[in-house]
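# Inside the fold
Next come the chains, spelled out residue by residue.
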Amino acid sequence: MRKPRFTDWLFLALALVIGAAAVSVALRPTPGSAHSAHRQPVVTADLLPAAHSDGLSEAESGYRFERVTTPTVRGPEVPVAFRIIGPDGRPVTRFLDNQTKQMHFFAVRDDMNVFQHVHPTLDGDTWRTSLALADGGAYRMFAEFVPLDTKDPKHPVVLGVPFTVPGDTTFVPVPAPAGDTVTSTGYRVARVDAEARIPAMRAQVLRFAIRDPDGALVTAVDPHLGANGHMTGFHTMLLSATHLHPVQPLGAALADGELTFHSLFSERGEYRLFLEFSHGGRVHTAAITVAVD
């Protein structure tokens, strides 16, 4: 019998390497975004109808965000203009009212230190508004609306696009999850169940107690956007948006001094929640960080 030669061993080694590579390719997951790959293990068919649009794309459900004027400078009233292109390829100029507004528009900086919530007005087929942007940095803006033909009016479509304001930026680290926060107007807002972990993809109620600058518990709030309050959350890493719905009917007294919201978070990680409520003749905004497992 002929003894194996060096070339025989070489061909055998090459065959083994090629075989291992083929197995690796066969077992490799289907290509896709990191966001999609993260969500697949936790999203099931029975949960999909309740999932929120998250603003991670400029196109969804047949609708597309078309830029007209994008912020590129700092200033107290930086103009923004855009169109919403519908499934038929034409601009859409009418939506269902969502908390008294056809269009809600948000802008957040990637460190969550800048938050804007405004309501654009329609000019022909173009939605126009302005943002107060005192500092540079990387931002994302969101258009939130409910199509006229929707089958689920409680879950609006949210389209999002990034933009950058050049210049020096004063970066502010996102505060760690905490039980309470103080608004710029002196109101203290505390998450009542602050110690409870929030599970991903599971609907639950979040409870918040509000105290005025004198420390008195607020037991009734004024109407704001047709409800007792408005709350939107943003994932601190992905910059995805989550809309939370108030539980109490408009004008209802706050049981135990608590303002409550339905929540459903689709991703694990930290979220920055922005609560807007009206009391004492003005609107107050509280920002609080929560952790989702």
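Look up a bit, the structure's there.
Numbering of residues starts from 1 in every chain and runs along the sequence as written. Whole-chain, interface and lining totals are the exception, using all residues; otherwise, since this is a predicted model, local features are given only for residues with pLDDT of at least 70 and side-chain atom pairs are given and counted only at 80 or more. The side-chain quantities take in all heavy atoms of the structure and omit both hydrogens and water.

## Remarks on the overall build of the protein
In terms of regular secondary structure, the protein is built from two helices and 17 strands. Partly exposed describes any residue whose relative accessible area lies between the buried limit of under 20% and the exposed limit of over 50%, with all areas from a 1.4 Å probe on protein chains only and scaled to the type maximum. Taking all 293 residues of the protein together, the buried fraction comes to 43%. Of all intrachain contacts in the protein linking residues separated by at least 6 positions in sequence, the fraction that spans at least 24 positions is 64%. On the protein, roughly 15,100 Å² of surface is accessible, and the fraction owed to carbon and sulfur atoms is 57%. Runs of E in the DSSP output that reach at least two residues are strands. Runs of H or I that reach at least four are helices, and both are numbered from the N terminus. Note on contacts: a residue pair is in contact if any heavy atoms of the two residues lie within 4.5 Å. Methods summary: accessible areas were calculated by the Shrake-Rupley approach with a probe of 1.4 Å, and residue burial reflects only the protein chains presented.

## A short note on the pairing of strand β17 (residues 282-292)
Where burial is concerned, most of β17 is hidden: eight out of the 11 residues are buried. Note on pairing: two strands pair once DSSP finds at least 2 bridges between them. Looking at chain direction, strand β16 (residues 269-279) and β17 are connected through 11 bridges and run antiparallel. Looking at β17, one finds that His 279 is bridged to Arg 282. Connecting the antiparallel pair β16 and β17 is a turn made up of two residues, with Gly 280 showing a positive phi of about 65 degrees.

## Focus: the packing of aromatic side chains
Two rings belonging to Phe, Tyr or Trp (six-membered ring only in the last case) form a pair when the distance between their centres is within 6.5 Å. Interplanar angles under 30 degrees mark stacking, angles over 60 mark edge-to-face geometry, and anything in between is tilted. Under the criterion given, the structure shown has 15 aromatic pairs. Residues Phe 208 and Phe 261 carry aromatic rings whose centres are separated by 6.4 Å and whose planes lie at 70 degrees to one another, so their mutual orientation is edge-to-face. Here Phe 261 lies in strand β15 (residues 258-263) and Phe 208 lies in strand β12 (residues 204-211), a separation of 53 residues in the sequence. A relative accessible area of 0% means that Phe 261 is categorised as buried. Seen in terms of ring centroids, Phe 234 and Phe 274 are 6.0 Å apart; in terms of plane orientation they differ by 65 degrees. Their pairing is edge-to-face. Of this pair, Phe 234 sits in strand β13 (residues 230-235) while Phe 274 sits in strand β16, placing them 40 residues apart in sequence. No difference in accessibility class separates Phe 234 from Phe 274, as the two residues are buried. Ring pairing ties together the aromatic residues Phe 106, Phe 115, Phe 142, Phe 234 and Phe 274, which thus form one cluster.

## Observations regarding the pairing of β16
Across the 11 residues of β16, eight count as buried, placing the element largely inside the fold. As paired elements, β13 and β16 share six bridges and run antiparallel to each other. Across the sheet, residue His 230 finds its bridge partner in β16, namely Glu 276.

## Comments concerning the nonpolar core
Ranked by internal contacts, the top residues of the largest apolar core, which has 25 residues, are Phe 65, Phe 82, Ile 84 and Phe 105. Secondary structure elements with two or more residues in this core: β2 (63-69), β3 (75-85), β4 (104-109), β7 (126-133), β8 (137-145) and β9 (157-165). When residues in this core are grouped by element, the largest group, five residues, is from β9. What we call a nonpolar core is a set of buried Ala, Val, Leu, Ile, Met, Phe, Trp, Tyr and Cys residues that are connected through their side-chain atoms within 4.5 Å.

## A few points about the sheet that holds strand β6 (residues 121-123)
Within the open sheet, the five strands sit side by side as β1-β2-β3-β7-β6. Their pairing is antiparallel. This sheet does not close on itself; its edge strands, each paired only once, are β1 (59-60) and β6. Across two bridges, the pairing between β1 and β2 is antiparallel. Among the inter-strand pairings, Glu 60 is bridged to a residue of β2, identified as Tyr 63.

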